[in-house]
Amino acid sequence: MALIHLTHGYNQRHSHRVQSSQQALAPDTIPYDIRVYWMRRANAALAELASPCPFGAFGSVVVNHTDTSSDPKGKLVCMSVNQNMQKGNPTLHGEISAINNCSEILTDPHGDYRLSTSESLKAFSKLSLYTNAEPCPMCASAIRWSGFAECIFGTSIETLVEKGWGQISIYSDEVFEESKKLPSITRLIRNVLANETDPFFSWQFNPQSSCPEGCTRTGDGKSCREVEEIVGWEL
């Protein structure tokens, strides 16, 4: 029953379509509870890097599941959130920003990895990108060009559209299928923990929707803002 609850929101768009490129992959061996853990970290990246309720609530984490030296769930390599407003760059969706962040971390001469640029490019083939909403066609293409081992998303593009978000209606599975002539295949896993990712995208265009945890409606009711912690003075 827990599995049914966690996957609530799985839409029928994918149920009858099995991508031929995905069929060539070995069976998925990552337990579902580990998928859930990292999707929750993608949600948590919002509060860590922006606020609990940024308008563009798109968060991503990049994980190395082959490195279990310090944690059986894998190693967090980098994370990021949508940075359109912070940077004034319309292409900095959460996934693109995470890829940029990973490149900087992997090639940092004083960091943990200290890879050359060519080594960094090869390293993406061992990494999994978790994102709390389905990648748009720009991000899905960037994920495939990067050669990620996996892409795992929560909320679907269809759900985003239903909630009022403007989207290009080209789905990630379509982009992945059309990119099968690239030298690698990226596993695509859909609708993980959608019941927890969906609420992050529900309040922006619906004044009746509850704000995410840690946030409250603004005075005019049109937006959500972070609740400021009130600290009392000690006498």
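Nothing here was measured: the structure is a model prediction, and the numbers come from that model.

Novice: Help me understand the environment of Lys 75, please; the structure alone is not making it clear to me.
Specialist: Position of Lys 75 among the secondary structure elements: in strand 2 (residues 75-81). On the basis of relative accessibility, which here comes to 26%, the residue Lys 75 falls in the partly exposed class. Setting aside its immediate chain neighbours within four residues, Lys 75 contacts Trp 38, Val 62, Val 63, Asn 64, Asp 67 and Tyr 113.

Novice: Which parts of the structure should I look at to understand the pairing of strand 3 (residues 128-133)?
Specialist: Side-chain positions along a regular strand alternate between the two faces of the sheet. Extensive coverage of strand 3 is indicated by the burial of 6 of its 6 residues. Here strand 1 (residues 59-64) pairs with strand 3 via 4 bridges, running antiparallel. By the bridge assignment for strand 3, Val 62 is matched with Leu 129. One ladder, built from 5 bridges, connects strand 3 with strand 4 (residues 150-155); its direction is parallel. Within the sheet, the bridge partner assigned to Ser 128 lies in strand 4 and is Glu 150. As for the winding sense of the linkage, the β-α-β connection from strand 3 through helix 7 (residues 137-146) to strand 4 is right-handed.

Novice: What is the right way to look at unusual backbone geometry in this model?
Specialist: Excluding glycine, most residues fall at negative phi; most peptide bonds, likewise, are trans. In this structure, Arg 114 takes a positive phi of about 55° despite not being glycine. Within the fold, Arg 114 resides in the loop between helix 5 (94-107) and helix 6 (117-123). For Leu 193, which is not glycine, the phi torsion reads 60° and is therefore positive. Mapping Leu 193 onto the fold places it in the loop between strand 5 (187-189) and helix 10 (194-197).

Cut-offs used in this document
Residues numbered from 1 in each chain as written. Predicted model: local features only at pLDDT ≥ 70, side-chain atom pairs only at ≥ 80, totals over all residues. Heavy atoms only, no water. Helix = DSSP H or I, 4+ residues; strand = E, 2+ residues; numbered from the N terminus. Buried < 20%, exposed > 50% of the residue type's maximum accessible area, 1.4 Å probe, protein only. Contact = heavy atoms within 4.5 Å. Pairing = 2+ DSSP bridges. Right-handed = clockwise from strand over helix to strand, strands pointing away.

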